[in-house]
Amino acid sequence: MNPAPSPDARAGLLPQTSRRLILGSTSPYRRELLQRLQIPFDVASPDVDETPRPGEAPALLARRLALAKARAVAANFPEAVVIGSDQVADLNGQPLGKPGSHARAVAQLRQMRGQTVVFQTAVAVVCQQSGFEQTDLAAVKVRFRLLSDDEIENYLYAEQPYDCAGSAKSEGLGIALLASIENDDPTALVGLPLIRTCRLIQAAGVILLANKKNES
């Protein structure tokens, strides 16, 4: 007689384990966000070409890159649960990535002033050993103020957000660029949607909210 499935199995979850958790990103912003969960994790750098494909929609690009990053790290750590993430700023269907330079950041912010930009933030979780692989996407609608050229220059001089998609570092001075934010996952705009990440890593078998009463 076959045993009855566990509640987790009926819910489509893998049994919870003490699998190693790895963040497949060297972004300090994502590392700081993941630390909020108070779960031990390691960090590994994924070797992934982030070049958009011709005609690739920003949301699809973000999902593809998040999954590629998680897969790249999981190939080296097949027993671990690996998190990959990517963010692409979507301006009327045009992907805006990390500017990398002052001139490109100025051009991006001039394009975005007075506009609504959707920051497509994808997360992927992969465990090669168990065969687990899922992705999710948080779309954050951001309305930019009608910024002057001086405001753009002053912001960039103060923040230097050249490693942030769309040149907007909302957790810092970049909040002054914005007129409004619409989202259902408040950490998504920073670079890692934690609500979705929690759901995916728990489904992969990572224990959330473990009992710490007996820890010294």
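Residues numbered from 1 in each chain as written. Predicted model: local features only at pLDDT ≥ 70, side-chain atom pairs only at ≥ 80, totals over all residues. Heavy atoms only, no water.

Asker: Tell me about the pairing of strand β6 (residues 132–144), and please be specific about residues and values.
Answerer: Bridging between strand β5 (residues 116–127) and β6 involves 12 bridges; their strand directions are antiparallel. Its bridge partner being in β6, valine 118 is matched across the sheet by lysine 141. The antiparallel pairing of β5 with β6 creates a hairpin that spans four residues between the two strands, and glycine 131 there sits at a positive phi of about 80°. Pairing of β6 with strand β7 (residues 178–182), which is carried by four bridges, proceeds in the antiparallel orientation. Paired with valine 142 across the bridge in β7 is isoleucine 181. (Pairing = 2+ DSSP bridges. Helix = DSSP H or I, 4+ residues; strand = E, 2+ residues; numbered from the N terminus.)

Asker: I'd like to hear about the environment of serine 85, residue by residue, with values.
Answerer: Turning to its location among the elements, serine 85 is positioned in strand β3 (residues 81–91). For the pair serine 85 and alanine 68, spaced 17 residues apart in sequence, the C-alpha to C-alpha distance is 9.2 Å. Residues within four places of serine 85 in sequence aside, it is in contact with Arg30, Ala66, Lys69, Thr121, Ala122, Val123, Gly191, Leu192 and Pro193. A polar side-chain atom of serine 85 sits 3.1 Å from the main-chain carbonyl oxygen of glycine 191. (Contact = heavy atoms within 4.5 Å. Polar contact = N/O pair within 3.5 Å; in protein donor to acceptor, adjacent residues only side chain to side chain.)

Asker: How would you sum up the pattern of salt bridges? Please name residues and give values.
Answerer: Two side chains carrying opposite charge are able to pair once their charged atoms lie near each other. Taken as a whole and assessed by the stated rule, the structure comprises 12 salt bridges. In this structure, arginine 20 and aspartate 42 form a salt bridge, with 2.7 Å as the shortest nitrogen-oxygen distance. With arginine 20 in the loop between α1 (7–10) and β1 (21–23) and aspartate 42 in strand β2 (residues 42–43), this residue pair connects regions lying 22 residues apart in the sequence. Residue arginine 20 is classed as partly exposed on the basis of its relative accessible area of 35%. (Salt bridge = Lys/Arg side-chain N within 4 Å of Asp/Glu carboxyl O. Buried < 20%, exposed > 50% of the residue type's maximum accessible area, 1.4 Å probe, protein only.)

Asker: Got a sec to walk through the environment of tyrosine 157? Specific residues and values, please.
Answerer: Along the polypeptide, tyrosine 157 turns up in helix α5 (residues 149–159). The spatial distance from the C-alpha of tyrosine 157 to the C-alpha of histidine 102 is 8.8 Å, given a sequence separation of 55 residues.

Asker: Quick one: what's the story with unusual backbone geometry, residue by residue and with numbers?
Answerer: Even without a glycine there, the phi angle at asparagine 92 is positive, about 55°. Within the secondary structure, asparagine 92 is located in the loop between β3 and β4 (94–96). A relative accessible area of 67% means that asparagine 92 is categorised as exposed. Even without being a glycine, glutamine 160 presents a positive backbone phi close to 50°. Among the secondary structure elements, glutamine 160 is positioned in the loop between α5 and β7.

Asker: Kindly report on the environment of methionine 112, identifying the contributing residues and their values.
Answerer: Tracing the sequence through the fold places methionine 112 in helix α4 (residues 102–112). If sequence neighbours within four positions are ignored, methionine 112 has contacts with Leu91, Leu96, Val117, Phe144 and Gly166.

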